[in-house]
Amino acid sequence: MTTAKHHDKILKDMNKEYKELFEASPQAIYAYMDDHHIIWNKKFSELTGYKTPSEVRKTNRTFLDLFVHEKSQKTLATAYMKAVEHGKGSSVNVQWKNKNGKTKKANTILVPIPFQGHVVALHFIE
């Protein structure tokens, strides 16, 4: 199995496992493995203006470029690396961008979650 298909399966299983959380949470939530392997809830769609991850893949742009103001990109990337490489959760302020170019500053909580032999960071945006 290729890495891409493996990541697709992990996120499909994660989406199924955490379906209730994704649907019930009042916060925007997403799980990111790489720029082509992302899942999110309806609240994240409302925040960003993108309906599905497949819509994002068609843009051929990176997650950070699409969704995160350049002033916040290093902050979010560093917090993500700490989560997946060291199992360290964090809370950071991030300036999010939506499809229409509007920005919104929000506290973003990253929680490292072990899942099927991988560490995936769940992100909760307040």
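Everything below is about the structure shown above.
Structural notes, computed from the coordinates. The structure presented is a predicted model; accordingly, all values stated were derived computationally and were not measured.

1. So, helix H1 (residues 3-17)
Its 15 residues place the ends of H1 21 Å apart at the C-alpha level, agreeing with the 21 Å of an ideal helix rising 1.5 Å per residue. Looking only at H1, the buried set comprises His7, Ile10, Leu11 and Met14. The buried residues of H1 all sit within an arc of 90 degrees when viewed along its axis, so they share a single face. In H1, the exposed residues that point more than 90 degrees away from the buried face are Lys5, Lys12 and Lys16. Where H1 is buried, its residues meet strand E1 (28-34), strand E2 (37-40), strand E4 (103-115) and strand E5 (118-125).

2. Focus on the sheet that holds E5
Pairing is antiparallel in the open sheet, where 5 strands are placed in the order E2-E1-E5-E4-E3. Each edge of the open sheet is held by one strand with a lone partner, namely E2 and strand E3 (90-97). Put simply, the sheet's adjacent strands are angled 30 degrees from each other on average, direction ignored. As judged from the 4 bridges shared by E1 and E2, these two strands associate in the antiparallel manner. The partner of Tyr32 across the bridge, within E2, is Ile38. Against the sheet, H1 engages E1, E2, E4 and E5, with an angle of about 15 degrees to E2. Strands E1, E3, E4 and E5 of the sheet are contacted by helix H6 (residues 70-86), whose axis makes an angle of about 140 degrees with E3.

3. Quick look at unusual backbone geometry
The general pattern is negative phi for most residues beyond glycine and trans for most peptide bonds. Positive phi, normally seen in glycine, also occurs at Asn60, with a value near 60 degrees. With respect to the helices, strands and loops of the structure, Asn60 is situated in the loop between helix H4 (53-57) and helix H5 (63-67). The class for Asn60 is exposed, based on a relative accessible area of 67%. A positive phi is found at Gln116, a non-glycine position, where the angle reads about 50 degrees.

4. Remarks on H6
The end-to-end C-alpha distance of H6 is 25 Å, a good match for the 24 Å that 17 residues give at a rise of 1.5 Å each. Along H6, the residues that are buried comprise Ser72, Leu76, Ala79, Tyr80 and Ala83. Down the axis, H6 shows its buried residues gathered within 100 degrees of arc, on one side only. With respect to the buried face of H6, the exposed residues turned more than 90 degrees away are Glu70, Lys74, Glu85 and His86. Tucked into the core, H6 has its buried residues touching E1, H5, E3, E4 and E5.

5. Some remarks on the packing of aromatic side chains
All chains considered together, the criterion is met by 14 aromatic pairs. Relative to Trp96, the ring of Phe44 lies with its centre 6.1 Å away and its plane at 85 degrees, an arrangement referred to as edge-to-face. Within this pair, whereas Phe44 is found in helix H3 (residues 42-48), its partner Trp96 is found in strand E3, the two being separated by 52 residues in sequence. Comparing Phe44 with Trp96 shows no difference in burial state: the two are buried. Each residue in the set Tyr30, Tyr32, Trp40, Phe44, Tyr50, Phe63, Phe67, Tyr80 and Trp96 is aromatic and connected to the rest through ring pairs, giving one cluster.

Reading guide: rules and limits
Residues numbered from 1 in each chain as written. Predicted model: local features only at pLDDT ≥ 70, side-chain atom pairs only at ≥ 80, totals over all residues. Heavy atoms only, no water. Helix = DSSP H or I, 4+ residues; strand = E, 2+ residues; numbered from the N terminus. Expected span 1.5 Å × (residues − 1). Buried < 20%, exposed > 50% of the residue type's maximum accessible area, 1.4 Å probe, protein only. Arc of directions from axis to C-beta. Contact = heavy atoms within 4.5 Å. Pairing = 2+ DSSP bridges. Axes fitted to C-alpha atoms, helices over the stretch in contact; angles between N-to-C directions. Phe/Tyr/Trp six-rings, centres within 6.5 Å; stacked < 30°, edge-to-face > 60°.

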